[in-house]
Amino acid sequence: MTKQERSWILQDVGNSAYSITITTAILPVYFKSVAAVNMTDSMSTAYWGYANSLATLIIAIMAPLLGTIADFKGFKKTLFSIFTLTAIGSSALLAVAGEGQWFLALAIYVVTAVAFNGSSIFYDSFLTDVTDDSKMDMISSKGFAYGYLGGTIPFVISIGLILSADKIGISTVLATQLAFIITAVWWLIFTIPMLKNVKQTYYIEGKPGQISESFKRLKATLNDTLKNRNVFFFLLAYFFYIDGVHTVITMATAYGIDVGLDSDRLMVILIAIQLVAFPFALIYGALSKKFGARNMIMAGIVTYTIISIYGFFLKTEFDFWILAMLVASAQGGIQALSRSFFGKIIPKEKSAEYFSIYNIFGRVSSIFGPLLMAIVSTITGESRYGILSLILLFILGMVFFWKVKDGERMEAA
């Protein structure tokens, strides 16, 4: 790998710590048990949901315009730096939100979520700058793979600190606050190579003019996307199948509790998923060389369809372990190859703009899967039917993806 490719991958090692510690595991528990300690469970859960929805809405509004601006010469690196450093700083700032300070915790969290997702747009779009089409699948897969491994390290350190807080003479609250700082420092360390070594190779000459002109460019790009059959059907397929993937990831813990697993066992399984996902993401990247990224993405969709069916019959902890390993075998590969596949069919000099649309499809789609699962579970009174309903998303994704041709790059206007 080149220095640029390695530096790009290391950024995934850094920002993955945010995903597991802040978004998934530690902050949600800290918010409910400390920051919102005086609230009822239902109210604190509702406020947490509102904060996530607000962050999604903000980035969905901002992303297309930011992507349009980032494609001009010299702007992508600047915007990446601003959003990444803001996300890192605000992640550390979460440590100042103490007991009962739920509004402060939520306000800082919204900033971290917006900045993290904004930085992800520019980070993903740099894939076309750091490598060529022949290596794109492997580099993207290595990003996800080492991200799983790297994100697990500060998470395990943080969990160990929290569990041993009494033994080392500090409170659990302080240990949790230190976990936020550990996450931020880890992310910062692995961001330095990206800031030093990666540059914008493909760009549009000139400078962004008035906001109205940027919106005109965005409108033109959306029109081009609708006219290009390959890009359009990929985004449509991605909307459905990645919705199913995100739903399985976000709802797995709640589903595990519903079938009788305790929180400690679920935490162990969560760490195991991260570790197993590491080699499988690399395997997907290697197999894409032989079978093609398109076929491997299709294999991932089929795997998730099997996961939805198997989840319906799940009864024991051993069954949940099997389900977790199936998830681990596919989640990194399907996300990594989706990113590189998209990078190979769009114009490179407009990558930030197109990846902003790509990320919006991924973010907005994540609303519908949990909603579908919740509605079906409510109607039937069984969570099992909820997870079974996700088959619909994967079938739709498969149908639309079948119409996509591999490797047809969209030419710039």
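An unreviewed UniProt entry annotates the protein as UMF1 family MFS transporter originating from Youngiibacter multivorans. Listed under Subcellular location (unreviewed entry) in UniProt, the entry text for the protein is "Cell membrane".

### Remarks on the packing of aromatic side chains
Counting across every chain of the model gives 34 aromatic pairs. Note on Phe-31 and Trp-48: the rings are 5.6 Å apart at their centroids and 35° apart in plane angle, and the pair reads as tilted. Of this pair, Phe-31 sits in helix α1 (residues 3–35) while Trp-48 sits in helix α2 (residues 41–70), placing them 17 residues apart in sequence. Each member of the pair Phe-31 and Trp-48 is classed as buried. Ring geometry for Phe-355 against Tyr-358: centres 5.3 Å apart, planes inclined by 75°, an arrangement best described as edge-to-face. Highlighted residues: Phe-355 and Tyr-358, both in helix α13 (residues 351–365), separated by 3 residues, approximately one helical turn. Pair check on accessibility: Phe-355 and Tyr-358 agree, each one buried. Following the ring pairs from residue to residue traces out a cluster consisting of Phe-234, Tyr-238, Tyr-241, Phe-341, Phe-342, Phe-355, Tyr-358 and Phe-401. If you follow Arg-294 out to its NZ or CZ, it ends over the ring of Trp-402, 5.6 Å from the centre.

### Considerations on the side chain of Thr-305
Residue position: Thr-305 is located in helix α11 (residues 293–312). Taking relative accessible area as the criterion, Thr-305 reaches 14% and is therefore assigned buried. Sequence-distant contacts of Thr-305, that is, excluding residues within four places in its chain, are made with Ile-391, Phe-394 and Met-398.

### Structural notes on the nonpolar core
Formed by 53 residues in total, the largest nonpolar core has its most connected members in Phe-234, Tyr-241, Ile-297, Tyr-304, Phe-342 and Phe-401. Taken together, the elements giving at least two residues each to this core come down to α6 (133–163), α9 (229–258), α10 (263–291), α11, α12 (317–345), α13 and α16 (391–401). With sequence-adjacent residues up to four places away left out, Tyr-241 is seen in contact with Phe-234, Ile-297, Ile-301, Ile-334, Ser-338, Leu-393, Phe-394, Gly-397 and Phe-401. Membership of the second largest hydrophobic core comes to 40 residues, among which are Ala-36, Trp-48, Ile-59 and Phe-180.

### A closer look at the pattern of salt bridges
Close approach of charged atoms allows side chains with opposite charge to pair. Enumeration according to the criterion identifies 6 salt bridges in this entry. Of the charged contacts in the structure, one is a salt bridge between Arg-339 and Asp-124, with a shortest N-O distance of 3.1 Å. Of this pair, Arg-339 sits in helix α12 while Asp-124 sits in helix α4 (residues 102–125); the two residues are 215 residues apart in sequence, bridging distant segments of the chain.

### A closer look at the packing of α6 against helix α7 (residues 172–197)
Remark: α6 packs on α7, axes separated minimally by 8 Å, with the N-to-C direction vectors making an angle of 160°. The angle between α6 and α7 falls in the class roughly antiparallel. Regarding α6 and α7, the two cross each other, and that crossing is right-handed. Contacts from Gly-150, Ile-153, Pro-154, Ile-157, Ser-158, Leu-161 and Ile-162 of α6 reach α7 at Thr-172, Ala-175, Thr-176, Leu-178, Ala-179, Ile-182 and Trp-186. For the contact of α6 with α7, the class distribution of residues is 10 nonpolar, 4 polar and no charged.

Reading the values: the criteria
Residues numbered from 1 in each chain as written. Predicted model: local features only at pLDDT ≥ 70, side-chain atom pairs only at ≥ 80, totals over all residues. Heavy atoms only, no water. UniProt positions renumbered as here; feature names shortened; annotations may be inferred. Phe/Tyr/Trp six-rings, centres within 6.5 Å; stacked < 30°, edge-to-face > 60°. Helix = DSSP H or I, 4+ residues; strand = E, 2+ residues; numbered from the N terminus. Buried < 20%, exposed > 50% of the residue type's maximum accessible area, 1.4 Å probe, protein only. Lys NZ or Arg CZ within 6 Å of the ring centre and 35° of its normal. Contact = heavy atoms within 4.5 Å. Core = buried A, V, L, I, M, F, W, Y, C linked by side-chain atoms within 4.5 Å. Salt bridge = Lys/Arg side-chain N within 4 Å of Asp/Glu carboxyl O. Axes fitted to C-alpha atoms, helices over the stretch in contact; angles between N-to-C directions. Parallel < 35°, antiparallel > 145°, perpendicular 65-115°, else oblique. Left-handed = near helix turned anticlockwise from the far one by under 90°. Nonpolar A, V, L, I, M, F, W, Y, C, P; charged D, E, K, R; others polar.

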